[in-house]
Amino acid sequence: MGENESFWESLIYAHPTCVAWKQEAEGSIYHLASILFVVGFMGGSGFFGLLYVFTLLGLGFLCSSVWAWLDVCAADIFSWNFVLFVICFIQFIYVTYQVRSVSFEKEFQELYSSLFQPLGISLTVFRKIVLCCDAEVVTLEKEHCYAMQGKTPIDKLSMLVSGRIRVTVDGEFLHYIFPLQFLDSPEWDSLRPTEEGIFQVTLTAETDCRYVAWRRKKLYLLFAKHRFISRLFSILIGSDIADKLYALNDRVHIGKGLGIYKMNTTETNSFIVTPLGFISDFKNATLIPVNETVCENWREIHHLVFHVANICFAVGLVIPTTLNFHMIFLRGLLTIGCILFIIWATLYRCALDIMIWNSVFLVVNFLHFIYLLYKRRPIKIAKEFSSLYKRMFEPLHVPPELFQRLTGQFCNIQTLKTGQAYAAEDKTSVDDRLSILLKGKMKVSYRGHFLHNIYPCAFVDSPEFRSTQMNQGEKFQVTITADDNCKFLCWSRERLTYFLESEPFLYEIFRYLIGKDITNKLYSLNDPTLNDKTSKKIDRQPSLCSQLSVMQMRNSMASSSDSEDGLQQFLRGTSTASSLRRTSPYLRTSGKMKPIEESGEDDVFELPSAAKPEVQ
């Protein structure tokens, strides 16, 4: 007991408080360490931010250890700084391993940086997608066929990485497939998980091609496990189908306006590829100069405040980087540790320079801490927008604060009473606005002929927005009227365009959502005789495989060669989806693949609380 009491007395009571500052300053090694600490504390989060922080802090603690060994002759200061250096080194190795464990071959790196990274997809999520295709890129030689009409089964989903593929039906050219486009998105979207089908087109490589292929069953199982990946592929596939139909329409009707939705060619985006990866450079590390003098007499143990401050630093640095609030805890504990170091330097060490340096550390860490708390603050979504956010934007990991900015400054809520027109055909300009229906139902007609309905959480004028991105001054080709009392969210097109240009992530999200919405509208045009109840179910569960196959839509457009618009002829057809599906020789139920729950399909799924649609 006597030894314990003497230990605590030496730890707490054996250190008189300072009366005046020490005259001499700390050594140059200490100030070098402090500079490294300041620069390190300014680092951010993320993989490479953590590498930056742990590297500089580790070097700072190493310098402090040398300073404690040579200048201060304090065993406890040396021990603590060396322990903190070891922690930073271990964290550095761990984060480096994480970065290297999610690095990919060159083609997958290009695919990620060009397509998935702009959508905010993390490397860990992309790794799951890559593992689903066995991290393999398939080669297709020139003039070899990826699929042959009437022969090749639809058993996978593929995306072209390099090269160009020609699509033909009965020997007639339809369109090309370019890099970062799906090869068989129409075929994929036209089948249920339990069905099998055969290609109705021939896909031939015009050049040496490389593509990534996911097997249907493995991909559906991935969708069942990860709802976010399912939603992601849903908008990618839907937008890809819209791109193919636009390209096909422009080929068939060059120079002609489409009778219902006027479409324009969209140029293939050029992508700047930045390879991922991290290469650590340990060879260029420089040794810190060491003084020739060595401590002969070690000083007594320092005050308890000093040790509590080091404990705060150690706990903050040892927190796993995979923890959700890791950076908040780290900055909070560093802030507390800096406060304790200031108290220790002022009251017991009597070192003005140590007090000043730790005050700088305190300011930097406290500002980071406040900023992180501000970013994590709860964002309250307005009641009118909550359903829209949960259904369209939250599944794609759009942050609430970004959605709030989108809906808070650049749009307004407007209403229409039953029978009022949102747009009149050949009269209303399409340049003014873009809208999403929040409540009610709208009816779309062309020259008095009913086309389809628009339901909540769907764009009102997505085809017009897409077709007039390059051409100004065009008019609506359809009439849109309110079938009920409607409420919709309306953006000024010009202000929305400027805002999206400043937010690349949201721009990509909008681009794919609009493409997906156009594809849904084209599907809903196939069967205008559906009653409202059935239409609502299809809209709320827009699994496109339950409607008319886009393969038949594509082939119908290609086969129409007279003066009548091909797509217009197709859209005026009265055949129902169910009858076509029963008579199609290209579809059959799979005896191998077990049924997967409807929530595991490749499209926008109902919220868990929503009732599942009945199978007709």
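The structure this text deals with has already been given above.
In this convention, every chain numbers its residues from 1, walking through the sequence in written order. Given that this is a predicted model, residues contribute local features only at a pLDDT of at least 70 and side-chain atom pairs are listed and counted only at 80 or more, while totals for whole chains, interfaces and linings are drawn from all residues. Note that the side-chain values use all heavy atoms of the structure and ignore hydrogens as well as water.

1. With respect to the overall build of the protein chain
In plain terms, the rule: To qualify as a helix, a DSSP run of H or I must reach at least 4 residues; to qualify as a strand, a run of E must reach at least 2; elements of each kind are numbered from the N terminus. Three labels apply to residues, based on accessible area from a 1.4 Å probe with only protein chains included: buried if under 20% of the type maximum, exposed if over 50%, partly exposed otherwise in between. Per-residue accessibility takes into account occlusion by the displayed protein chains alone, with areas from the Shrake-Rupley method and a 1.4 Å probe.
Counting secondary structure elements, the protein chain contains 21 helices and 16 strands. Taken across its 616 residues, the protein chain has 51% of its residues classed as buried. Surface summary for the protein chain: the accessible area is close to 29,700 Å², and the carbon and sulfur share equals 57%.

2. What to know about the nonpolar core
Nonpolar side chains in soluble globular proteins tend to be buried together. Note the following rule: Each nonpolar core is a collection of buried residues, namely Ala, Val, Leu, Ile, Met, Phe, Trp, Tyr and Cys, held together in the definition by side-chain atoms within 4.5 Å. Only heavy atoms matter for contacts: two residues are in contact if any of them lie within 4.5 Å across the pair.
Within the largest apolar cluster, 95 residues are counted, with the highest numbers of intra-cluster contacts made by F116, W214, F233, F393, M442 and F510. Considering every element that reaches this core, the biggest residue donor is helix 9 (residues 227–252), with 11 residues. Look past the residues within four positions of W214 in its chain and what remains in contact with it is I129, C132, C133, K156, L157, M159, F182, L219 and F233. Ranked by size, the runner-up nonpolar core spans 52 residues in total, among them F85, L340, F341 and M355.

3. Here we look at the packing of aromatic side chains
The cut-off we apply is this: Stacked, tilted and edge-to-face are the three classes assigned to paired rings of Phe, Tyr and Trp, where Trp is represented by its six-membered ring and a pair needs centres within 6.5 Å; plane angles under 30 degrees give stacked, over 60 edge-to-face, the rest tilted. Charge-over-ring contacts are defined here by two conditions on Lys NZ or Arg CZ: a distance within 6 Å of the ring centre and an angle within 35 degrees of the ring normal.
For the structure on display, the rule yields 36 aromatic pairs. Ring centres of Y146 and Y211 lie 5.2 Å apart, and the angle between their planes is 90 degrees; on these two criteria the pair is classed as edge-to-face. Residue Y146 is found in strand 2 (residues 145–147), and its partner Y211 is found in strand 8 (residues 209–215); the two are separated by 65 residues along the sequence. With respect to burial, Y146 and Y211 carry one shared label: buried. Here W491 and F510 contribute two aromatic rings whose centre-to-centre distance is 5.6 Å and whose plane-to-plane angle is 80 degrees, an arrangement assigned as edge-to-face. Separated by 19 residues along the polypeptide, W491 in strand 15 (residues 486–492) and F510 in helix 17 (residues 504–524) bring together distant segments of the chain. Among the residues examined, F510 registers a relative accessible area of 2% and is labelled buried. Through successive ring pairs, a cluster of aromatic residues spans F37, F41, F61, F306, F313, F341, W344, W357 and F361. The ring of Y374 has R377 lying over it, and the distance from NZ or CZ to the ring centre is 3.9 Å. Positioned over the ring face of Y512 is R511, at 4.6 Å from the centre of the ring.

4. Focus on the layout of surface pockets
Rules: Of the grid points, spaced at 1 Å and generated over the protein atoms alone, those admitting a 1.4 Å probe that cannot get out make up cavities, while open sets with protein on both sides within 12 Å along at least five of seven lines make up pockets; any residue with an atom within 4 Å of a point is treated as lining. Grid points are joined across faces, edges and corners, and a volume is the space filled by probe spheres set on the points. Lys, Arg, Asp and Glu make up the charged group, whereas Ala, Val, Leu, Ile, Met, Phe, Trp, Tyr, Cys and Pro make up the nonpolar group; the residues left over, Gly among them, are polar.
By volume, the largest pocket amounts to about 1,700 Å³. Along the wall of the largest pocket there are 43 residues; nearest its centre are S45, G46, S122, N324 and R376. In terms of residue class, the lining of the largest pocket is built from 22 nonpolar, 17 polar and four charged.

5. Things to note about the pairing of strand 11 (residues 433–439)
The side chains of a regular strand alternate, first on one face of the sheet and then on the other. Cut-off, in case you're wondering: One bridge is not enough; two strands pair if DSSP finds at least two bridges between them.
For strand 11, the buried fraction is high: six of the seven residues fall into the buried class. Pairing between strand 11 and strand 15: six bridges, direction antiparallel. From the neighbouring strand, L434 faces strand 15, where its bridge partner is W491.

6. Digging into the packing of helix 5 (residues 106–116) against helix 6 (residues 123–132)
Packed helices, taken two at a time, are described by the angle between their axes plus the distance between the axes. Put simply, the rule is: Where helices are involved, their axes are fitted lines through C-alpha atoms of the stretch in contact, as for all axes, and angles between N-to-C directions lie from 0 to 180°. Each angle receives one of four descriptions, namely roughly parallel if under 35 degrees, roughly antiparallel if over 145, roughly perpendicular if within 65 to 115, and oblique otherwise. Here a crossing is called left-handed whenever its near helix is offset anticlockwise from the far helix by less than a right angle, and right-handed whenever the offset is clockwise.
Here helix 5 crosses helix 6 at 120 degrees, and the two axes come no closer than 12 Å. With respect to each other, helix 5 and helix 6 are oriented oblique. The hand of the helix 5/helix 6 crossing is right-handed. Each of F108, L111, Y112 and F116 in helix 5 lies in contact with helix 6, whose residues at this interface are L123, F126, I129 and V130. Classifying every residue of the contact of helix 5 with helix 6 gives eight nonpolar, no polar and no charged.

7. Notes on helix 16 (residues 493–502)
Filter applied, for reference: What the arc describes is the spread of directions from the helix axis to the C-beta atoms.
If you check which residues of helix 16 are buried, you get R493, L496, F499 and L500. All buried residues of helix 16 lie within an arc of 125 degrees about the axis, which places them on one face of the element. More than 90 degrees from the buried face of helix 16, the exposed residues found are E494, Y498 and E501.

8. Focus on empty space enclosed by the protein
Take a probe with the size of a water molecule and roll it over the atoms, and the empty space left behind shows itself. Taken as a whole and assessed by the stated rule, the structure comprises seven cavities of 30 Å³ or more. There is about 240 Å³ of room inside the second largest cavity. Lining the second largest cavity we find 18 residues, and of these Y30, F37, S64, N81 and F341 sit closest to its centre. Looking at the lining of the second largest cavity, the elements with two or more residues in it are helix 2 (28–41), helix 3 (46–72), helix 4 (75–101), helix 10 (304–318), helix 11 (326–349) and helix 12 (352–375). No other element matches the four residues that helix 2 contributes to the lining of the second largest cavity. Classifying every residue of the lining of the second largest cavity gives 13 nonpolar, five polar and no charged.

9. Quick notes on the sheet that holds strand 12 (residues 442–446)
A sheet is described by the order of its strands in space; here four strands give the open sequence 10-14-12-13, paired in antiparallel fashion. Only two strands of the sheet have a single neighbouring strand rather than two, namely strand 10 (421–423) and strand 13 (449–454). Here the average twist between neighbouring strands, direction ignored, is 30 degrees. One ladder, built from two bridges, connects strand 10 with strand 14 (residues 479–482); its direction is antiparallel. Bridge pairing links A421 to T481 in strand 14.

10. Quick look at a nonpolar patch on the surface
Keep this limit in mind: Distance thresholds for patches are 9 Å for like charges and 5 Å for nonpolar side chains (Val, Leu, Ile, Met, Phe, Trp, Tyr), applied to residues having over 30% relative accessible area and no salt bridge. By definition, a salt bridge exists where a carboxyl oxygen of Asp or Glu is found within 4 Å of a side-chain nitrogen of Lys or Arg.
Where nonpolar side chains cluster on the molecular surface, the patch consists of F82, V86, F89, I90 and I93 and spans about 440 Å² of accessible area. Relative to the elements of secondary structure, I93 occurs in helix 4.

11. Considerations on the environment of W491
To keep things clear, this is the line we draw: Side-chain atoms alone can form a polar contact between residues adjacent in sequence; in general such a contact is a pair of N or O atoms within 3.5 Å, and within protein one must be able to donate a hydrogen while the other accepts it.
Judged by relative accessible area, W491 falls into the buried class, the value being 1%. Spatially, the C-alpha atoms of W491 and C411 are 4.3 Å apart, while their sequence positions differ by 80 residues. Excluding residues within four positions of it along the chain, W491 makes contact with L406, F410, C411, D432, R433, L434, I436, L496 and F510. At 3.2 Å, the side chain of W491 and the backbone oxygen of L406 are in polar contact.

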